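# Close look at the chain arrangement
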Amino acid sequence: MQKKNRVILALDVTSGADAVKIVEAVKDHVDAVKINWPLILAAGPDIIRQISRHRDVICDMKIADIPYINGLIVNQAMSRGASAVICHGFTGEDSVKACVDAAKGQAFVVTEMSHPGGKQFTAPVADKLAALAKGAGARGIVAPATRPERIADLRKLIGDLEIISPGVGAQGGKATDALRAGADYIIVGRAIYEAKDPKDAARALSEEARQSL
Ligand code: O7M
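Every chain is numbered independently, its residues counted from 1 as its sequence is written. It should be noted that, the model being predicted, local features are given only for residues of pLDDT at least 70 and side-chain atom pairs only at 80 or more, the latter also being counted only at that level, while totals for whole chains, interfaces and linings use all residues. Hydrogens are left out, water is left out, and the side-chain values use all remaining heavy atoms of the structure.

Our focus in this paragraph is the overall build of the protein chain. Strands here mean DSSP runs of E at least two residues long; helices mean DSSP runs of H or I at least four residues long; both are numbered from the N terminus. What the protein chain contains, in helices and strands, is 10 helices and eight strands. For the protein chain, buried positions account for 54% of its 213 residues. Whether two residues touch is decided by their heavy atoms; if any such pair falls within 4.5 Å, the residues are in contact. Considering only intrachain contacts with a sequence separation of at least 6, the fraction spanning at least 24 residues in the protein chain is 62%. Using a 1.4 Å probe, the Shrake-Rupley method yields the accessible areas, and only the shown protein chains count as cover for residues. With the model as given, the accessible surface of the protein chain reaches about 9,200 Å², and the carbon-plus-sulfur share is 52%. In this tally Asp and Glu are treated as negative and Lys and Arg as positive; neither His nor the chain ends contributes. Lys charges are placed at NZ, Arg charges at CZ, Asp charges at CG and Glu charges at CD. Distance between charge centroids for the protein chain: 2 Å, based on 28 positive and 25 negative side chains. The rule is simple: take the accessible area with a 1.4 Å probe, protein chains only, and divide by the maximum for that residue type; under 20% is buried, over 50% is exposed, in between is partly exposed.

Laid out in structure tokens, this is it:
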């Protein structure tokens, strides 16, 4: 994925036609499109291929199973044109490694989650999850824009692995804070696809990102 706009669109809409329309409108202002279960279930897995014609697709199925099943899931996503996948780390090193291997290194591991409940179970083990991601050869981690100080902490642990950071906009996080704390990309959903003009919203975020660096 190019590192130009520093914005990843979280395309959590539930219509394939709307999804493609939004991607066509915003594609010059985002570096990748992250898709999650709502869109995959609504539109079917071929939506991965359709969107990949416009932008790199990160398949965010937050994979969390035994290694064998993780490998099968990642193979299904990659064979449809995904550029990267997202998995959980609490399943352990072998399960994460299965994702990393099947994705040829293009896997991101969730650490501390961005919502209030993320403090309950993920925050106390986030440092360990980040270290696990690094040890398993992942491309990067997912860390919360809602707690930029945690992005800074995790950055120190993972060196030059990438950080992609959700929680900007609807969840209250700020693009500038997340990027200055060490995120490589912000992940933004509702603040773009629910905006009156998604293209303008994406452009404004990518401009803010550029100015924050
Ligand atoms: O900008 P939003 O709040 O509309 O959407 C946020 C997106 O980021 C949505 O797709 C979530 O699944 C995702 N996300 C979080 O909001 N918090 C997390 O801790 C982790 C993710 C995520 O992307 O995990 C890979």
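Here, proximity means that at least one heavy atom of the residue falls within 4 Å of the molecule or strand. The full set close to the ligand counts 17 residues, and Asp12, Lys34, Ser114, Gly189 and Arg190 are the nearest of them. In the analysis that follows, any N or O atom pair within 3.5 Å is treated as a polar contact, provided that within protein one partner can donate a hydrogen and the other can accept it, and provided that, for residues neighboring in sequence, both atoms belong to side chains. Between an oxygen atom of the ligand and a side-chain N or O atom of Lys34, the distance comes to 2.8 Å. Measuring from an oxygen atom of the ligand, one finds a backbone N or O atom of Gly189 at 2.8 Å. Computed on the free molecule, the ligand has an accessible area of 530 Å², of which 92% lies beneath the protein chains in the complex. Among the elements of the structure, strand E2 (32-36), strand E3 (56-63) and strand E8 (185-188) are those that each provide at least two residues to the shell around the ligand. Split into classes, the residues belonging to the shell around the ligand amount to eight nonpolar, four polar and five charged. Three classes are used: nonpolar for Ala, Val, Leu, Ile, Met, Phe, Trp, Tyr, Cys and Pro, charged for Asp, Glu, Lys and Arg, and polar for all others, with Gly counted as polar.

What follows covers the side chain of Ser165. Within the secondary structure, Ser165 sits in strand E7 (residues 162-166). Only 2.8 Å separates the side chain of Ser165 from the backbone oxygen of Ala143, close enough to count as a polar contact. Dropping the residues within four chain positions of it, Ser165 is found in contact with Ala143, Pro144, Ala145, Ile151, Ala178, Ala183, Tyr185, Ile186 and Ile187.

Multiplying 1.5 Å by the residue count of a helix minus one yields the expected span of that helix. Relative to the 18 Å expected for 13 residues at 1.5 Å per residue, helix H4 (residues 67-79) spans 18 Å between its end C-alpha atoms, a close match to the ideal helical length. Residues of H4 that are buried: Asn70, Gly71, Val74 and Ala77. Looking straight down H4, one finds its buried side chains confined to an arc of 130°; they lie on one side. Looking at the buried positions of H4, the neighbouring elements they touch are helix H3 (46-52), E3, strand E4 (84-88) and helix H5 (93-102). Positive backbone phi, at 105°, marks Gly81, one or two positions downstream of H4. Comment: arc refers to directions from the helix axis out to C-beta atoms.

This part takes up unusual backbone geometry. Keep in mind that most residues, glycine aside, have a negative phi and that most peptide bonds are trans. Its identity as a non-glycine residue notwithstanding, Arg6 has a phi of 65°, on the positive side. Counting through the fold element by element, Arg6 comes out in the segment before strand E1 (7-10).

What follows is about the state of the cysteines. Working definition: a disulfide is two cysteine sulfur atoms within 2.5 Å of each other. Scanning the model with the defined rule gives zero disulfides in all. Looking at the unpaired Cys59, the closest cysteine sulfur is the one in Cys99, lying at 12 Å. Summary of cysteine pairing: Cys87 is not part of a disulfide, and the nearest cysteine sulfur, belonging to Cys99, is at 4.1 Å. Residue class for Cys87 comes out buried when judged on its relative accessible area of 0%.

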